[in-house]
Structure formats: C-alpha cells, structure tokens
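Residue-level listing of the chains:
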2 protein chains.
Amino acid sequence: MSLNPISAFTDVPLPEEALTRFFAEWQLEPQRELVALDSALGRCLFEDVRAPGDLPAFVRSTVDGYAVRAVDVAGASRAAPIVLRVIGEVPMGQEPQVAVLPGTAVKIHTGAMLPPGADGVIMVEWTSLRDDHHVIVTQRVASGGNSIARGEDVVAGQLLLTKGRRLRPDDIGGLAAIGLAQVPVARRPLVALISSGDELVPAYREPGPAEVRDINGALLAALVQEAGCIPWHLGISRDDPVQFRQLVHTALASADAVIVSGGSSVGTRDLTRAILEELPDSRIVVHGVAVRPGKPTLLAYVGKHPFFGLPGNPVSAFATFRLFVRPALGRFLGSMEEQRFTVRARLKRPIPPSDGREDYVQVRVFEDIGEIVAEPVLGKSNLIFTVVRANGVVRMPATVKGIPEGQMVDVWPY
Amino acid sequence: MSLNPISAFTDVPLPEEALTRFFAEWQLEPQRELVALDSALGRCLFEDVRAPGDLPAFVRSTVDGYAVRAVDVAGASRAAPIVLRVIGEVPMGQEPQVAVLPGTAVKIHTGAMLPPGADGVIMVEWTSLRDDHHVIVTQRVASGGNSIARGEDVVAGQLLLTKGRRLRPDDIGGLAAIGLAQVPVARRPLVALISSGDELVPAYREPGPAEVRDINGALLAALVQEAGCIPWHLGISRDDPVQFRQLVHTALASADAVIVSGGSSVGTRDLTRAILEELPDSRIVVHGVAVRPGKPTLLAYVGKHPFFGLPGNPVSAFATFRLFVRPALGRFLGSMEEQRFTVRARLKRPIPPSDGREDYVQVRVFEDIGEIVAEPVLGKSNLIFTVVRANGVVRMPATVKGIPEGQMVDVWPY
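Remember, predicted model here, so these are calculated numbers, not experimental data.

A.B. asks: Give a description of the environment of Ser354(B) that names residues and reports values.
C.D. replies: All names here are of chain B. Note that Ser354 resides in the loop between strand 22 (343-347) and strand 23 (358-368). Judged by relative accessible area, Ser354 falls into the buried class, the value being 13%. In sequence terms Ser354 and Pro397 are 43 residues apart; their C-alpha atoms lie 9.0 Å from each other. When near neighbours in sequence (up to four residues on either side) are disregarded, Ser354 contacts Arg292, Asp359 and Met396. Here the side chain of Ser354 touches Asp355 through a polar contact of 3.3 Å, side chain to side chain.

As structure tokens, then:
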C-alpha cells in the first residue's frame, strides 16, 4: 500500500479543447416557459421574436405644429411667408376627422396621426397665427418631413430579437411596443452546489482551530445567480464517502446540473471521481485541464446532466466557473455568446511565465496619468480577496512565456 | 388667447450642469437594511466592511505533501536526496497533534494547518516513500514555501469592501470568508412610474387607430430594476389634469422617487409642470436640457423626493434615464460611481453636427475584418428598435461639430 497518490493527470487538455470535448457530448435542450413582460429582464429568449405588424402602424407627427401638404409650403420662408387656413386639430389617440385640402392646415401634436391629404408637418416654432383661423408659415417642409412613416421602425414579419438573446431594458421596451405581454424564455436550470472538505464550516459559523469557512458555497451560488440560473446550496460534505454520496444523490434527484467544489484533485481524497465512477450512467469527459488556476477541474455527465468538479481553492473555483461552468449553463438557456469587448491596457508589472498551462491573471485596471493600465494582483489561489481587488483578467496562452512590463494587453473586464 | 405654446425653454443647461444643479439640492441619504448573504448579490454596501480577523487565521499548506523544517532539506536534490522520518499526518480541519522536530516530516494536505516546528511543505511530487516510516525528499523548499501565512489574504482591521460597492459574486465569496451572514446594504428605493398621453394603451392591449402601446412603462420599469431599485408602474394617465393629479398624488404618497414620461414638453399639454407648480413643496430645478435626444427633460423635487419628467419618446426616455435618473437613483443606494471603460472603435459612418446640444448617438459596435468599428444606428427618437439594434452610445460634446467617418471614437457599451 502506498500512502502517495497518483501525482499527475494522464491527459490534460487546454481549456478550449476541454470544453470542446465536453460540449461534444452535451444532450440537453433549453426548455420553454412563459413569463410576464415585467419579469423578463435578463432572461434568455426561447425563440425568435418577429414583428406582428408595422411599427408605427400609422404615419405619426414627430413635432408639435401643423399638418400640411408639402407642396403648399414649398416656397415658404421668413421673407415669403405663406398663409394657410386652419381647419381643425387632430386629437391625440384619435383618427383625424378632417382632411388637409389645398391651402389648409390642421393643428397636430407630437405622436398624433397625420390627417389624410397631409404629407408633412410644420414645427410650431416656424409659424404664427394671423387670426383664429389662419396660420403664417415661414419655412418649407419636405414631403414626409417631421413625421414617421408607417413601418419606419419595423415592418410586419421583421426579425426583432433573436432566440437566445439575454433581454435588456430596451428589449423589454421593444416587446411592449409589439404587445408581447407574455414572453417565451428558457427555463432557468436548478444548479446544485456541494462544498466538500473536512476543514469547512458554514459561512455563518465561527471556525474552530484549523477550520475555515465555506467560501465556495456563497461564491458559486452568486455566480450561478449572475449566470441567470437558480442556485441550490446543499451544504458541506465532509471527506466521507457515505455523506458525500448521499448529497450527490440528493442533488442528482432534482437538479439540472451539479457543481462540487473541492475533492476533485487527484489524490487519496479524490472523492468526487470515486463517487462518479460508482454511478452506472456517469461519464467523466475531462479530469485535469492545462490551466492556471484550475488544473484539477473535472467535467462529467451523469445521464444527460452535467456534473462539474471544481477546485476547492476559491480563486480556482471562481476562474474555472467562468471558463467551464458558465458556458455550460448558457446551453441550458440557449444563450448566444455575448459579444464582450476587452479593454486595452498597458501592463504595469510583468506577468511571469507559466508552466505550459494557459494562465488567467487577475488584474486591476485603472487610469494612471491619462493612460489605462493593468496591474496584476498577486496572491496565491486560496486568497479570495485577490479577486475582490481585481476588476478584470488577462489570458496568457500556454505558448506565451511571460509578458513584460509595459506591453499592451487585452483585459476581460469582470 | 393664443393657440400657440411658448416655443422655447428659457434656460437650457448642458447635461453636466443640469445634474450639478439638481444634485446641489439633493437631501436624501441611503437607508440601511440587513439582508442575508445569499440575497446580497448586486446590492450596494451601506458601510465599509473591515476584516474582523486575519485571513487565513492560521498557516495553511497550499499543496499535498510533507510539512518539514526548511533547514532540514536545504541541500535536497535528485542527486542528493534527504530522508526524513514521517511522524504523523495532519487531519484536515484539526489542529496537528505532532510537532515537526529536526529530521522529521508530517504528512499534510492542501488547506491543512502546518504543525508546530514546520515552516514549509514539500510537494508530494518531489517525494517517494522509503518505507512506511521514511520519506525521500528530492527538492528543497524555502522557509514559508508552499504555504500561506496567517493574514496573507487580509489582516484584522483591513478595509475589505468600501461603502457603496455594488456587490459582485467574488465579493459575496469574500463576505462568506469573514462570516458576514447578514450584510448591511442600502434599502432599494421604490420608484413610481407614470406614462402620460391620450394616445397610449397598456402594452397588453390592442391599440385602436391612432393609438400606440405604452412602451415607456415597461422600458423604465426594466431600467429601474437594472439600476437596483424597485419599479412601481402606476399606469397611464390621459392628458387630463384630474386623472394626472390623482396619479401623481398616489405616487408621492408612497414612492421614494417619481418618473413621469411624456407630458413634459413645453406646450399646451405640459401637464407635468402644471401639476408640480400646484404642489406647495415642489421645486423645478431644471426644465429643458441641451442634449439630443432629451431636450424637454424636467428635474424637480417634491419635498425631498426627486421627480423626473422624461420625454415621451422611448429613445429619449431611455437616454435621459441613463443620463439623469440613474445617477440620482445611485444616490439612494450610496453607490460609488462605477468605473466603466469605453471601447475604442473606428467610426463607420459620419455623425452629423448637432445644433449646439450634446449629442448621444446610438451605435452598433462589432468586429469588422479584425478591427472594432462603431456604426451609428440611424432613426428618429421615437423608434425603440433603434436602441435594440445598438449596443453602445457615442457622446458628442456640444462643441464638436460632427465626427467624420474613419475617426476613432470612445463607445460606452450598454
């Protein structure tokens, strides 16, 4: 019997390759649910949304003034004003009861429907009243001027929002515009969390000597929530196969996905792998990734359900969640890859070479004498407050052997 | 009697000056409430958080291996291995029961407490067992190596998170680390919304001819929610002083802030200003801002409560919310100005000169043949889907007379 664990993973892909292998076996589809429009912010659209009709549905004035025939005021100027007879007013929200005939004008407000015959609106600022029935116009207007055409925003059948779109406030406004009171979105998956380790106590308890509080439970729950899913923290498992197995079974009975943190490093204490291998329908796709932090990451399935073994160190758990779990949760939501933009910054301190792994370096980006700089936040991967002090991350590919001070780098902002 | 309204605002400050004037009269302070840690994501800290003790609270191993005295293995190498007697193992989460004496080692796991006498850890990869009681060490370790010192993450009393911080997932992890089970955050203000206009019908109703759906109710509710506050949509007021007054009174009786959209342009239909002027404790600070879109914006107080009159056009309402309302709601939350970074992009189409107003131009930023470009999204300010199609905004100061195609611009991403 050897006291020593197996000391190295046998097949350690780079992060991109690890994800590719994992997604090659993905089998779940987003599930549809309807939510009220006022609950749809941040949710992912389940299906494309098309315009049920033209918007606007009628020609609308964009100013307060007078609806006219453009041809009637073609020569109007301050020097050569033109007088039109005012034959009525368009009430807001109602169809005009009068038509604009040659030589006449109808008073109109912003947003009102243009009366028949009118093809433009003179802003009130360019008019004055000669008497109660006549207006003096001192500027011309082009045909279609100061108005919005029917369908100028969107036309019937037009694709408005694409399946997988994470709904922003302006999208909510757009859905109100087309009257979509119930919005088809992807159901939010329930994500079970288990923190593993004999040294852990719940965050609300005072740790004894040699004990530490469970950081990952709260951290991962917040990350799951931020990803648009529902966290379900089952608590802490001691390094005890019986208790751990029980929690994993509870998780699998109800959750759409399971995240275990801790207990996945290759070693005597590798409970996660052991419990997974007991389960008849489990498949470990990746165990060990060439990434720093996060080498002991485990990506697996139990049946169709994804099962993640993340490192116990909070900083590693944070980084590997972003790298592996978040994209996977995006599959539940059918979410499109969001277009994110990096911030270009000058590196304020060198990044040392990595050991053949892809390196994710926490940085603090700030403006320094008019220039955007990125300062690596140093610290070992157990130190949660190194992440708190950072506001972005620099990815150093495995092929790059360190980055010198002063070089420009692309930072992914948090 | 004149049918014509007053056609211009008398004092039209630029946006920054408008906000300065408005904030000069701000009187409200954030209010404290305690929330459970798992509900604190996205909330704003009410007060600074300091470390109640050192983190970690004890010296911890960062690897699996053997706790040793660094001096004992100072000469160890593959060529000259050193043999130590293994006198025990540190159980996870428990105080070591043995001390490391000269010539001895204690087996230890990642995260466990270093035993007395040890000042470094040899990674298991650099060891092999000679027999059940002796380990062969083939690498040296510096004093303090492969371990984290007490207080290496944070020391007792250290400022961890600053008042006003909007809590991120990693902050939640940090608060778990210090055991802050209940988090002091700023109470979220209740923000009443009133949409005004005879032409409006609720989003869930089919509009009649010349009617349109209330976009701003849903849009502003989502923006309020995104800003971390609680929206309360009171519905639509027709252009009727009696109904409008009733809704404003209802809003003021319970809400922390009131937003009216529509009804604030200077004109015969300027109900908002008229109702405000009836109220004995109202002060209109700004009415009319030199900004496009958003000129008719009204910034006021009723008592201590902010009261915003936003334009009825959804795009103007969106832009002025971001410019004026969001910073004001931030005051309720005591939120620090978030450091946001712009995206530098090449302008793909010229931006025409404005008319002495500060111009906010919606753009779509995308990568085009390896370059980040920004394409202005054209469209009149009534067209909500122009915002949906954009993903950022370019600010053109009032002093800048248009921006030519091909120029680099800074884009504020949505």
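A.B. asks: If you had to explain the pairing of strand 22 of chain B to someone new, which residues and values would you point to?
C.D. replies: Residue and element names in this part refer to chain B. The pairing of strand 22 with strand 26 (residues 408-413) spans 4 bridges and is classified as antiparallel. Its bridge partner lying in strand 26, Val343 is registered against Val411. As defined by bridge partners, strand 22 adjoins strand 24 (residues 371-376) across 2 bridges and the pair is classed as parallel. Of the residues in strand 24, the one forming a bridge with Leu347 is Ala374.

A.B. asks: How would you summarise the domain arrangement of chain A if you had to cite specific residues and measurements?
C.D. replies: Residues and elements named next belong to chain A. In terms of domains, chain A is made up of domain 1 (15-31 + 187-333), domain 2 (32-55 + 152-186), domain 3 (60-148) and domain 4 (343-413). Between domain 1 and domain 4, the C-alpha centre-to-centre distance is 26 Å. Contacts between the two partners involve 15 residues from domain 1, matched on the other side by 16 residues from domain 4. Taken over both partners, the interface formed by domain 1 and domain 4 buries close to 1300 Å², and the fraction arising from carbon and sulfur atoms is 58%. When residues of domain 1 are sorted by the area they lose upon contact with domain 4, Arg292, Asn313 and Val315 head the list and together hold 46% of the total.

A.B. asks: Can you tell me about the packing of helix 1 (residues 15-24) of chain A against helix 6 (residues 314-333) of chain A, naming the residues and giving the values?
C.D. replies: Packed helix pairs are characterised by how far apart their axes lie and by the angle those axes make with each other. Residue and element names in this part refer to chain A. The interhelical angle for the contact between helix 1 and helix 6, taken along N-to-C directions, is 35 degrees, at an axis separation of 11 Å. In this structure, the crossing between helix 1 and helix 6 has a hand that is right-handed. On the side of helix 1, the interface is formed by Pro15, Ala18, Leu19, Phe22 and Phe23, while helix 6 contributes Leu323, Phe324, Pro327, Ala328 and Arg331.

A.B. asks: Tell me what's going on with the interface of chain B and chain A, and back it up with residues and numbers.
C.D. replies: Each partner contributes residues to the interface: chain B has 88 residues there, and chain A has 88 residues. The contact between chain B and chain A buries some 7300 Å² in all, and 62% of this surface belongs to carbon and sulfur atoms. Taken together, chain B and chain A are joined by 2 salt bridges. In this structure, Arg389(A) and Asp153(B) form a salt bridge, with 3.7 Å as the shortest nitrogen-oxygen distance. Elements supplying a minimum of two residues to the side of chain B that touches chain A: strand 8 (127-131), strand 10 (147-148), strand 11 (159-161), helix 2 (169-177), strand 15 (212-213), helix 3 (215-226), strand 23 and helix 7 (384-389) of chain B. Element by element, the count of residues in the side of chain B that touches chain A is highest for helix 2 of chain B, at 8 residues. Among the residues making up the side of chain B that touches chain A, the classes are represented as 44 nonpolar, 21 polar and 23 charged.

A.B. asks: Let's hear about helix 5 (residues 271-278) of chain B: which residues, and what values?
C.D. replies: All names here are of chain B. Taken residue by residue, helix 5 has Leu271, Thr272, Ile275 and Leu276 as its buried positions. Each buried residue of helix 5 lies within a common arc of 130 degrees when the element is viewed along its axis, so the set occupies one face. Where helix 5 is buried, its residues touch helix 4 (241-254), strand 17 (257-261), strand 18 (282-287), strand 20 (298-302) and strand 21 (305-310).

A.B. asks: Tell me about the relation of the copies chain B and chain A, and name the residues and values.
C.D. replies: For the pair chain B and chain A, the best superposition has an RMSD of 0.0 Å and corresponds to a rotation of 180 degrees with a translation of 0.0 Å parallel to the axis. A rotation of that kind, with that shift, is consistent with a two-fold axis. If distances are taken from each C-alpha of chain B to the rotation axis, the shortest is found for Val343(B), at 3.4 Å. Both copies present the same face, since 100% of the interface residues in chain B are matched by interface residues at the equivalent positions in chain A.

A.B. asks: With reference to specific residues and values, describe the sheet that holds strand 17 of chain B.
C.D. replies: Residue and element names in this part refer to chain B. The sheet built from 6 strands is open, its strands ordered 16-13-17-21-20-18 with mixed pairing. Edge strands, defined here as strands with exactly one partner in the open sheet, are strand 16 (230-237) and strand 18. Between one strand axis and the next, the sheet turns through 20 degrees on average, direction left out of account. The pairing of strand 13 (residues 190-196) with strand 17 spans 5 bridges and is parallel. Paired with Leu193 across the two strands is Ile259, which belongs to strand 17. Sitting on the sheet, helix 5 is in contact with strand 17, strand 18, strand 20 and strand 21, with an inclination near 150 degrees to strand 18. Relative to the sheet, helix 6 (residues 314-333) contacts strand 13, strand 17, strand 20 and strand 21, its axis offset from that of strand 21 by approximately 175 degrees.

A.B. asks: Residues and numbers for the pattern of salt bridges, please.
C.D. replies: Residues and elements named next belong to chain A. By the definition in use, this model includes 52 salt bridges over all chains. Between Arg344 and Asp410 there is a salt bridge, with the nearest N and O atoms lying 2.8 Å from each other. Of the two residues, Arg344 sits in strand 22 (residues 343-347) while Asp410 sits in strand 26 (residues 408-413), which places them 66 residues apart along the sequence. Looking at Asp410, the relative accessible area reads 38%, which means it is partly exposed. Residues participating in the shared-partner salt-bridge network are Asp11, Glu17 and Arg21.

A.B. asks: Quick rundown of the side chain of Arg357(B)? Include the residues and the values.
C.D. replies: Residue and element names in this part refer to chain B. Summarising the element assignment, Arg357 is placed in the loop between strand 22 and strand 23. With relative accessibility at 16%, the residue Arg357 sits in the buried group. A distance of 2.9 Å separates the side chain of Arg357 from the backbone oxygen of Val291, its partner in a polar contact. Engagement of the side chain of Arg357 in a polar contact is seen with the side chain of Asp355, the distance being 3.2 Å. Ignoring sequence-local partners within four residues, the contact set of Arg357 consists of Val289, Ala290, Val291, Arg292, Lys295, Met396 and Ala398.

A.B. asks: Tell me about the packing of aromatic side chains, and please be specific about residues and values.
C.D. replies: Residues and elements named next belong to chain A. Scanning all chains against the criterion turns up 16 aromatic pairs over all chains. On the basis of an interplanar angle of 55 degrees and a centroid distance of 5.6 Å, the ring pair of Phe22 and Phe308 is categorised as tilted. Here the residue Phe22 occupies a position in helix 1, and Phe308 occupies one in strand 21 (residues 305-310), the gap between them amounting to 286 residues. Ring geometry for Phe23 and Trp26: centres 5.9 Å apart, planes at 70 degrees, overall edge-to-face. On the basis of relative accessible area, Phe23 is assigned to the buried category, the value being 16%. Trp26 gets classed as buried once you look at its relative accessible area, which sits at 11%. An aromatic cluster is built from Phe22, Phe23, Trp26, Tyr301, Phe308 and Phe332, whose rings are joined through pairwise contacts. One cation-aromatic arrangement involves Arg331 over Phe23; the distance from NZ or CZ to the ring centre is 3.8 Å.

A.B. asks: Can you explain the sheet that holds strand 9 (residues 134-137) of chain B? Please cite residues and give values.
C.D. replies: Residue and element names in this part refer to chain B. Pairing is mixed across the open sheet formed by 6 strands, whose spatial order is 7-4-6-5-9-8. Of all strands in the sheet, those with a lone pairing partner are strand 7 (120-123) and strand 8, marking the two edges. Ignoring strand direction, the axes of neighbouring strands in this sheet form an average angle of 40 degrees. By the bridge criterion, 3 bridges tie strand 5 (residues 82-89) to strand 6 (residues 104-108) in an arrangement that is parallel.

A.B. asks: Break down the pairing of strand 5 (residues 82-89) of chain A for me, with residues and values.
C.D. replies: With 4 bridges connecting them, strand 5 of chain A and strand 9 (residues 134-137) of chain A associate as antiparallel partners. Looking at strand 9 of chain A, one finds that Arg85(A) is bridged to His134(A).

A.B. asks: Hey, could you go over the packing of helix 2 (residues 169-177) of chain A against helix 3 of chain B for me, with residue numbers and the actual values?
C.D. replies: Between helix 2 of chain A and helix 3 of chain B, the least distance of the axes is 8 Å, while the angle of their chain directions is 160 degrees. Compared by their axis directions, helix 2 of chain A and helix 3 of chain B come out roughly antiparallel. In terms of crossing hand, the pair formed by helix 2 of chain A and helix 3 of chain B is right-handed. Touching Pro169(A), Asp170(A), Ile172(A), Gly173(A), Ala176(A) and Ala177(A) of helix 2 of chain A are Ile215(B), Ala218(B), Leu219(B), Ala222(B), Leu223(B) and Glu226(B), all from helix 3 of chain B. When grouped by side-chain class, the residues that make up the contact of helix 2 of chain A with helix 3 of chain B number 9 nonpolar, 1 polar and 2 charged.

Cut-offs used in this document
- Residues numbered from 1 in each chain as written.
- Chains lettered and ligands numbered in written order.
- Predicted model: local features only at pLDDT ≥ 70, side-chain atom pairs only at ≥ 80, totals over all residues.
- Heavy atoms only, no water.
- Helix = DSSP H or I, 4+ residues; strand = E, 2+ residues; numbered from the N terminus.
- Buried < 20%, exposed > 50% of the residue type's maximum accessible area, 1.4 Å probe, protein only.
- Contact = heavy atoms within 4.5 Å.
- Polar contact = N/O pair within 3.5 Å; in protein donor to acceptor, adjacent residues only side chain to side chain.
- Pairing = 2+ DSSP bridges.
- Domains from an automatic or database assignment.
- Buried area = accessible area lost by both parts, 1.4 Å probe.
- Axes fitted to C-alpha atoms, helices over the stretch in contact; angles between N-to-C directions.
- Left-handed = near helix turned anticlockwise from the far one by under 90°.
- Salt bridge = Lys/Arg side-chain N within 4 Å of Asp/Glu carboxyl O.
- Nonpolar A, V, L, I, M, F, W, Y, C, P; charged D, E, K, R; others polar.
- Arc of directions from axis to C-beta.
- Least-squares fit on C-alpha atoms with pLDDT ≥ 70 in both.
- Phe/Tyr/Trp six-rings, centres within 6.5 Å; stacked < 30°, edge-to-face > 60°.
- Lys NZ or Arg CZ within 6 Å of the ring centre and 35° of its normal.
- Parallel < 35°, antiparallel > 145°, perpendicular 65-115°, else oblique.

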